[in-house]
Amino acid sequence: MCLVLKDVRFAYLPGTSMAREVLRGVDLEIREGEILCLLGRTGAGKSTLLQVTSGLLAPTAGDVLVDGRRWGASRRIHAELRGSLGVLLQSSASQLFAETVEKDISFGLRGLSLPPRELNARVEEALRLVGLDPRLFARLSPFALSEGEMRRVALAGVLVTRPRFLLLDEPFSGLDGLGREALGEILGSLRGGGTGILMVTHDWEEVETLADRVAVLAEGRIAACAAKDEVLADVEGLLRAGLRPPPLAEFLHELRGRGFALPRVALEPRRAAEAVAACRRASREERR
Ligand SMILES: Nc1ncnc2c1ncn2[C@@H]1O[C@H](COP(=O)(O)OP(=O)(O)OP(=O)(O)O)[C@@H](O)[C@H]1O
Ligand SMILES: [Mg+2]
């Protein structure tokens, strides 16, 4: 099962003198049980891509398919698909609207006709999942919270429906170290449970610790989409897409340029040190 974008195009204000084509033929597949990180320079169209994928914006051309069914094909399909996807927008505070945190989170469950006790249990579970104590937060106004807390409430509102695909726009921004660690664990365990996650980020650490695959958006198209180690090691490709490569990848790239026969994949510091040491041993032996 997967979420597929086929030759998706999107323009803001089409047909006007202000028209701006942001997506120019995007092909992308998000599989269940994976974290796919989406990278791209500021203004590349990452948030637009996420909103088109989630059905919040309609593509000007091309298709978004969930299990082969097209968004917007009919009202019934639209309603079914909406339940399969959870979206956290970049300005997640704009997703909040209700008088209390619990009302906000339970909004996604309306229509399921759950008995009140189960509804409360689901809301509490979602709050705990994002590290907020339901006894302290459930009855507060979401607008009386800190930025990081608002982000967590918005995420709880997404997770409460247990979607099969999560689309997250910079979910770690505004979180402190512990909050980031906790969210990393949540995402890891959701992936373990089969959720497919598309996550926009600018942070290499998040990519290195969480991503299975990485896609790079540039000039309105997917410039690269492959296993994390492969994309992160392609220093030239990242630079072409306007991205600053991770420092260790840049360093290894420099060493390759100076004749070190290092593998063309991204390496963690320890494996990088071992690979450099192996190159030195090999060249010493050659000299003997
Ligand atoms: N509502 C809009 N109307 C017109 N143009 C827009 C609108 N929203 C975004 N854009 C333009 O579309 C382009 C892509 O915007 P988008 O927000 O998708 O980029 P992004 O890759 O998410 O950037 P960032 O990393 O800064 O979040 C930008 O150049 C932006 O100015
Ligand atoms: Mg954005």
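Residues numbered from 1 in each chain as written. Chains lettered and ligands numbered in written order. Predicted model: local features only at pLDDT ≥ 70, side-chain atom pairs only at ≥ 80, totals over all residues.

J.: Help me get a handle on the overall build of the protein chain, residues and values and all.
T.: Each helix and strand counted, the protein chain has 12 helices and 10 strands in total. When each of the 288 residues of the protein chain is scored for burial, the buried share is 36%. Counting only contacts in the protein chain whose residues sit at least 6 apart along the sequence, the fraction spanning at least 24 positions is 63%. (Helix = DSSP H or I, 4+ residues; strand = E, 2+ residues; numbered from the N terminus. Buried ≥ 20, exposed ≤ 12 C-beta atoms within 10 Å, placed from the backbone. Contact = placed C-beta atoms within 7 Å.)

J.: Any chance you could break down the site of ligand 1 for me, citing the residues and the numbers?
T.: Around ligand 1 lies a shell of 13 residues, among which Tyr12, Thr42, Lys46, Ser47 and Thr48 are the nearest. Secondary-structure elements contributing two or more residues to the shell around ligand 1 are strand 2 (20-31) and helix 1 (46-53). Residues that form the shell around ligand 1 fall into these classes: 4 nonpolar, 7 polar and 2 charged. (Near = placed C-beta within 6 Å. Nonpolar A, V, L, I, M, F, W, Y, C, P; charged D, E, K, R; others polar.)

J.: Provide a residue-level description of unusual backbone geometry, including the pertinent values.
T.: Working note: non-glycine residues mostly have negative phi, and peptide bonds are mostly trans. The backbone of aspartate 7 shows a phi angle near 45 degrees, a positive value even though the residue is not glycine. Backbone geometry at leucine 13 places phi at a positive 50 degrees, although glycine is not the residue there. Structurally, leucine 13 can be placed in the loop between strand 1 (2-12) and strand 2. Leucine 13 sits in the exposed class, given 9 other C-beta atoms within 10 Å.

J.: Please set out the domain arrangement of the protein chain residue by residue, giving values where relevant.
T.: The assigned domain composition of the protein chain is domain 1 (2-244) and domain 2 (246-288). Among the elements that make up the side of domain 1 that touches domain 2, the one with the highest residue count is helix 9 (residues 228-233) (5 residues). (Domains from an automatic or database assignment.)

J.: Any chance you could break down the sheet that holds strand 8 (residues 196-200) for me, citing the residues and the numbers?
T.: One open sheet accounts for 6 strands, arranged 6-7-8-3-9-10; its pairing is mixed. With one partner strand each, in any of the chains shown, strand 6 (85-88) and strand 10 (221-227) form the two edges of the open sheet. The mean angle between the axes of side-by-side strands here comes to 15 degrees, regardless of whether they run parallel or antiparallel. As defined by bridge partners, strand 3 (residues 35-39) adjoins strand 9 (residues 213-218) across 4 bridges and the pair is classed as parallel. If you follow leucine 36 over to strand 9, its bridge partner there is arginine 213. (Pairing = 2+ DSSP bridges. Axes fitted to C-alpha atoms, helices over the stretch in contact; angles between N-to-C directions.)

J.: Would you mind going over the environment of alanine 282 in detail, with residue names and values included?
T.: Residue placement: alanine 282 occurs in helix 12 (residues 269-287). On the basis of neighbour counts, which here come to 11 C-beta atoms within 10 Å, the residue alanine 282 falls in the exposed class. With 205 residues separating them along the chain, alanine 282 and isoleucine 77 place their C-alpha atoms 60 Å apart.

J.: Residues and numbers for the sheet that holds strand 4 (residues 61-66), please.
T.: Within a sheet, neighbouring strands are paired by backbone hydrogen bonds and run either parallel or antiparallel to one another. Judged by pairing direction, the sheet is antiparallel, and its 4 strands sit side by side in the order 2-1-4-5 without closing on themselves. If you trace the sheet from one side to the other, it starts and ends with strand 2 and strand 5 (69-70), each paired once.

J.: Talk me through the pairing of strand 4; I want residue IDs and the actual numbers.
T.: The pairing of strand 1 with strand 4 spans 5 bridges and is antiparallel. Each bridged residue has a counterpart across the sheet, and for leucine 5 the counterpart in strand 4 is valine 64. Across 2 bridges, the pairing between strand 4 and strand 5 is antiparallel. In the strand pairing of strand 5, valine 66 is matched with arginine 69. In this structure, the hairpin formed by strand 4 and strand 5 is closed by a connection of 2 residues, where aspartate 67 is found at a positive phi of approximately 50 degrees.

J.: Talk me through the nonpolar core; I want residue IDs and the actual numbers.
T.: Soluble globular proteins: nonpolar side chains tend toward being buried together. Of all hydrophobic cores here, the largest spans 71 residues; its most connected members are Cys37, Leu38, Ala156, Ile197 and Val214. When residues in this core are grouped by element, the largest group, 7 residues, is from helix 6 (residues 147-159). No fewer than three residues from each of domain 1 (2-244) and domain 2 (246-288) sit in this core. (Core = buried A, V, L, I, M, F, W, Y, C linked by C-beta atoms within 7 Å.)

J.: Describe the environment of leucine 166, and please don't skip the residues or the numbers.
T.: As for its placement among the helices and strands, leucine 166 is situated in strand 7 (residues 165-169). Along the backbone, leucine 166 and glutamate 29 are 137 residues apart, and their C-alpha atoms lie at a distance of 13 Å. Contact partners of leucine 166, with chain neighbours within four places excluded, come to Gly86, Val158, Leu190, Thr195 and Ile197.

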